[in-house]
Amino acid sequence: MNCFTLPTAARIADIETDNYRTKTFILDVRLEAAPGQFIMAWLPRFDEKPFSLVSADPVTLMITAVGPFTRLVHELQVGDLLWLRGPFGRGFDAPATSRRIALVGGGYGVAPLLWLARRQLAQDAHVTAIIGARTKADLLYAHRFATLADTLGAGVLTVRLTTEDGSAGVHGRVTDVLAPLLNTGQLDAIYACGPHGMLHALTQLARRTTVPCQMSWEAYMRCAIGICGACEHDGKVLCMDGPVLAL
Ligand SMILES: Cc1cc2nc3c(=O)[nH]c(=O)nc-3n(C[C@H](O)[C@H](O)[C@H](O)COP(=O)(O)OP(=O)(O)OC[C@H]3O[C@@H](n4cnc5c(N)ncnc54)[C@H](O)[C@@H]3O)c2cc1C
Ligand code: FES
């Protein structure tokens, strides 16, 4: 199936627990999509919310329980149904010519980056993944990136962790690792996804250089097809023009 224009039932084939409030749901459907695109997940008679695709084949979603909808999704079991619309939006536009790239993820913003890493690594890119969170317990997909790095051999995929309380990796924020890397002059592009505060800090940093930077912005989404205006951000309709915007 290329896309679901109407909510379509998908059965949960597997659930992996990532941390104390995050689970990865693997569904029994596939879509044609690109890293950075998102789907709308619907629970009938309750609500519908946007989530990045961790993978499109099979459709995989990483969901952090932060409110009513995501807490209800966390109660679902293998075999239960989730209704999906999509994929929507513009994903990361990462050309094969970008050989040395940084992927920067904060919190559940890491969700689309493992897929992007795999795609760019397959095109012989050298990837530095910078994964940040408040604490060690909040870090997401660090082990998945580490496992991928181990299978690839030294120097192809470098994984750097940051925590604001210093409980794992560098004591600080993703920008504390990105800034010295940018200063080496050995980066061709930056691709990022995370909370607005992190993206604003990255914007400041990237504007001091000529390195192209694309960031996935979060917004409240209702229709996801450019009609309702819920997702307006800086004059852009994020469900159509984004969520990934170039700096
Ligand atoms: C393109 C896109 C991709 C996303 N990908 C993922 C993902 O991969 N995994 C994931 O867990 N979540 C993702 N989200 C966020 C997810 O859609 C929200 O967290 C969702 O609203 C949670 O619903 P809820 O009813 O559980 O909590 P809500 O009650 O809706 O929200 C809980 C808290 O989060 C805040 N919040 C919710 N949505 C937003 C927003 N868009 N911008 C700023 N603050 C917000 C609310 O103010 C509230 O404080 C994504 C959002 C977008 C727009
Ligand atoms: S969510 Fe309705 S216009 Fe974007």
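Predicted, not measured: the structure shown is a model, and the values here were computed from it.

Considering the confidence of the model for the protein
Averaged over every residue, the pLDDT of the protein is 94; residues scoring 70 or more account for 99%. Within the protein, no element has a lower average pLDDT than strand E14 (residues 232-233), which sits at 90, and none a higher one than strand E2 (residues 22-27), at 98.

Some remarks on unusual backbone geometry
Look at the link from Gly 86 to Pro 87: it is a cis peptide, with omega at 5°. Structurally, Pro 87 can be placed in strand E7 (residues 81-88). A cis amide bond links Gly 242 to the next residue, Pro 243, at an omega of 5°. Residue position: Pro 243 is located in the loop between helix H6 (238-241) and strand E16 (244-246).

Quick notes on the pairing of strand E9 (residues 126-133)
Within E9, 7 of the 8 residues are buried, leaving the element largely enclosed by the surrounding structure. At this point the chain moves from strand E8 (residues 100-106), through helix H2 (residues 113-121), to the parallel E9, and the crossover so formed is right-handed. Judged from the 7 bridges that link them, E9 and strand E10 (residues 157-163) form a sheet pairing that is parallel. Looking at E10, one finds that Gly 132 is bridged to Thr 162.

Regarding the pairing of E8
Counted residue by residue, E8 has 6 buried out of 7 residues, so it is predominantly covered. For E8 and E9, the ladder comprises 7 bridges, and the chain directions are parallel. Residue Arg 100 lies in a different strand from E9, and its bridge partner there is His 126. Two elements, E8 and strand E12 (residues 189-193), share 5 bridges in a ladder whose sense is parallel. Bridge pairing in E12 links Leu 103 to Tyr 191.

Here's the deal with the sheet that holds strand E1 (residues 4-19)
A sheet is described by the order of its strands in space; here 7 strands give the open sequence E4-E3-E7-E1-E2-E6-E5, paired in antiparallel fashion. Of all strands in the sheet, those bounded by a partner on one side alone are strand E4 (47-52) and strand E5 (55-56). Inspection of the sheet shows E1 paired to E7 by 5 bridges, in the antiparallel sense. From the neighbouring strand, Ala 9 faces E7, where its bridge partner is Trp 83.

Digging into the packing of helix H4 (residues 174-183) against helix H5 (residues 196-207)
At a closest axis distance of 11 Å, the pairing of H4 and H5 adopts a crossing angle of 20°. In this view, H4 runs roughly parallel relative to H5, as classed from their interaxial angle. The two elements H4 and H5 cross, and the hand of that crossing is right-handed. Counting all contacts with H4, which are made through Val 174, Thr 175, Leu 178, Ala 179 and Leu 182, the residues of H5 involved are Met 198, Ala 201, Leu 202 and Leu 205. Each residue belonging to the contact of H4 with H5 can be placed in one class, and the counts come to 8 nonpolar, 1 polar and no charged.

Definitions and cut-offs
Residues numbered from 1 in each chain as written. Chains lettered and ligands numbered in written order. Predicted model: local features only at pLDDT ≥ 70, side-chain atom pairs only at ≥ 80, totals over all residues. pLDDT = per-residue confidence, 0-100. Helix = DSSP H or I, 4+ residues; strand = E, 2+ residues; numbered from the N terminus. Buried ≥ 20, exposed ≤ 12 C-beta atoms within 10 Å, placed from the backbone. Right-handed = clockwise from strand over helix to strand, strands pointing away. Pairing = 2+ DSSP bridges. Axes fitted to C-alpha atoms, helices over the stretch in contact; angles between N-to-C directions. Parallel < 35°, antiparallel > 145°, perpendicular 65-115°, else oblique. Left-handed = near helix turned anticlockwise from the far one by under 90°. Contact = placed C-beta atoms within 7 Å. Nonpolar A, V, L, I, M, F, W, Y, C, P; charged D, E, K, R; others polar.

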